[in-house]
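# Geometric and topological summary
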Amino acid sequence: MLQMPTTLLLDDRVQQATLDVAAQFFVDTDSQASIQNLVARASAGVNLFQTFRASNKHLTDGKVLWVRFDAQMLDTRSRWLLEVDATYLDEVQLVWQSAPNQWMMIKAGDRVPRAQWPLRTRVPVFELLPDLSRPGQIVTYYLRIENSRSPVSLPLTVYRDSELVAQEQQKILLLGVMLGMVGLVLAAGLLIAITQREIAFAAYVGYSLSLGFYMLTSVGLSAMYLWPNSTVLADRMGYVTAGITCALGPWFVSMIVNPIHRRNLLTSLALAQAAFAIAVTIMEAFMPNLLTYRLINLTAFSAIVVVYLLVASAWQRGDLMTRWIALSFAPVALAAVPLILRNLAMIPNSWFTQYVVLIASAIEIPCLLYALLMRNSQRRESRARALGLPTHDAFTGLPNMRTFLDALHGSMTRANRFKHAYGLIAIDLTNHAWFNKEHGQDVASKALILASTRLQEIARDVDCITRMDENQFVMLVEGQCSASLMTKMAARIVATGLKPSDVLPVGSNLKFQLTCALMPTATPQTTGEDASAQLGWLISQTETARREPYKSIRTLGF
């Protein structure tokens, strides 16, 4: 049995009210019914309308959806506004009887330039005007909705004017903050692309711009501010920007992630998907129909699949940068799923489906920039190491012996001039041979790199470290040095070697044996007059220390 609608009472206690309990709907399959026909049939006792719910999904391609509700305005001091919370409708008309046999009609939607809407808002908003001949009486309002291709499900809400303004200001503020943040990130990416000539950042800017334009269009801001007088752009740009984004997304991921496993297959698949998306987008721009609408949704789904394949390939590589890029793309890829389901009439339109891509994009775009900065930093570090080969050790990245001797010579000169001491520490990785014997050359090499990294963490900016042979390092403690400073640094070096690490076998650590010399020594003639002689003297003293394997720190000159 049909549930009778409830009259919507608009008094001074109401700030907003949904129409779920007050509205009924009727789908005109041949699009021929007029308001006079509907009223005449109702007068003859023919009820065509059914109970309306915001969660109803109506396939209205070639049809007309009518929504009817009764409202009684008891508070006439306020303006009452009906919000149709959907940005994708072709045309929405509000029809009511302002006097006997006198019907009024106002309209909005993509077929109407935004500048000609009754209220210039993101979504259609209509003022509910009363029957002037019968103030305070119940007025029946009709919504006539036309929309091709996409299904219609409508959250319909009546607001007091002050309440709608307050809520819309909050939404615009949040949208402005998110879009402003995205704009700043894009400006930074564009600046890096221009100054450093990085094609990856240029591709990032292109992808993010298309995603940003889709965000603007999906929430109704582009038609409101960018093309308020164009109905063609208002109707088609949403799907066009979606198609461009679906083309650029997988291509951008394939270029950045650059998968090793099945590289040719995945790269070819991404390029094929991008070409398909561009072709569908061109069809949508010039010949929009139900087929192109379904193909756009298929393109979005295929883009998600390709992105996840690329992400899975990147994840298997195991390095931090590719995993971060993979995680950065996850929000939008996941957010697109409910949007596609809505377009296929599998779930209703709601606040979540309208704004989920916007929220996901605001998370994705900054994270992608950070991932690209990490990638760029790694590449620049590699180039810097290549340029530093004449002065640095290729394996550990430490200064080479010539650079170290130059630094030591400078320390000797300053020590003689200002009469202060400096320090030399010979550091022997005593279990390097054990790593090599028990776990292989790869683990032994990782132990050496870990040792050099931890020694650099201990050293100050003015100090200098070099690798003398396969498992021995030497550190120059620069400046005015003292016995207490040398003791503290030696203790820290031994302690940092004992810290566990994921790159070493379980239960193992770095075992350092140190020979610390406070220079110049009490017998300078035995240490030599130049840097090479002093270093040779330290090495000879270290040989003696190696005969005492249970003593981690040996001191000379203090």
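Predicted, not measured: the structure shown is a model, and the values here were computed from it. (Residues numbered from 1 in each chain as written. Predicted model: local features only at pLDDT ≥ 70, side-chain atom pairs only at ≥ 80, totals over all residues. Heavy atoms only, no water.)

Turning our attention to the packing of helix 11 (residues 432-439) against helix 12 (residues 441-458). The N-to-C vectors of helix 11 and helix 12 enclose an angle of 150°; their axes lie 7 Å apart at closest approach. Compared by their axis directions, helix 11 and helix 12 come out roughly antiparallel. Both helix 11 and helix 12 take part in a crossing whose hand is right-handed. Touching His 432, Phe 435, Asn 436 and His 439 of helix 11 are Gln 441, Val 443, Ala 444, Ala 447 and Leu 448, all from helix 12. By residue class, the composition of the contact of helix 11 with helix 12 is 5 nonpolar, 4 polar and no charged. (Axes fitted to C-alpha atoms, helices over the stretch in contact; angles between N-to-C directions. Helix = DSSP H or I, 4+ residues; strand = E, 2+ residues; numbered from the N terminus. Parallel < 35°, antiparallel > 145°, perpendicular 65-115°, else oblique. Left-handed = near helix turned anticlockwise from the far one by under 90°. Contact = heavy atoms within 4.5 Å. Nonpolar A, V, L, I, M, F, W, Y, C, P; charged D, E, K, R; others polar.)

Taken as a whole and assessed by the stated rule, the structure comprises 0 disulfides. Its sulfur unpaired, Cys 481 is 9.5 Å from the next cysteine sulfur, which belongs to Cys 516. With relative accessibility at 1%, the residue Cys 516 sits in the buried group. (Disulfide = S-S within 2.5 Å. Buried < 20%, exposed > 50% of the residue type's maximum accessible area, 1.4 Å probe, protein only.)

The next thing to look at is helix 5 (residues 231-257). With 27 residues, helix 5 ought to run about 39 Å at 1.5 Å a step, and its terminal C-alpha atoms sit 39 Å apart, in line with that. Where helix 5 bends most, at Met 237, the angle is about 45°. Sitting at the amino-terminal end of helix 5 is Ser 230, which places a side-chain oxygen 3.2 Å from the backbone nitrogen of Leu 233. (Expected span 1.5 Å × (residues − 1). Bend = angle between axes of the 7 residues up to and from the residue. Polar contact = N/O pair within 3.5 Å; in protein donor to acceptor, adjacent residues only side chain to side chain.)

One pass over the full model with this rule turns up 13 aromatic pairs. Pairing Tyr 204 with Phe 252 gives two aromatic rings, centres 6.4 Å apart and planes at 45°, and the pair type is tilted. With a gap of 48 residues between them, Tyr 204 in helix 3 (residues 199-218) and Phe 252 in helix 5 connect regions that are remote in the sequence. For the pair shown, Tyr 204 and Phe 252 are each scored as buried. Taken together, Phe 26, Phe 49, Trp 66, Trp 103 and Tyr 142 form an aromatic cluster joined through their ring pairs. Sitting over the ring of Phe 49, Arg 68 keeps its end group 4.3 Å from the ring centre. For the cation-ring pair, Arg 114 lies above Trp 117, with the distance from its terminal atom to the ring centre recorded as 3.9 Å. (Phe/Tyr/Trp six-rings, centres within 6.5 Å; stacked < 30°, edge-to-face > 60°. Lys NZ or Arg CZ within 6 Å of the ring centre and 35° of its normal.)

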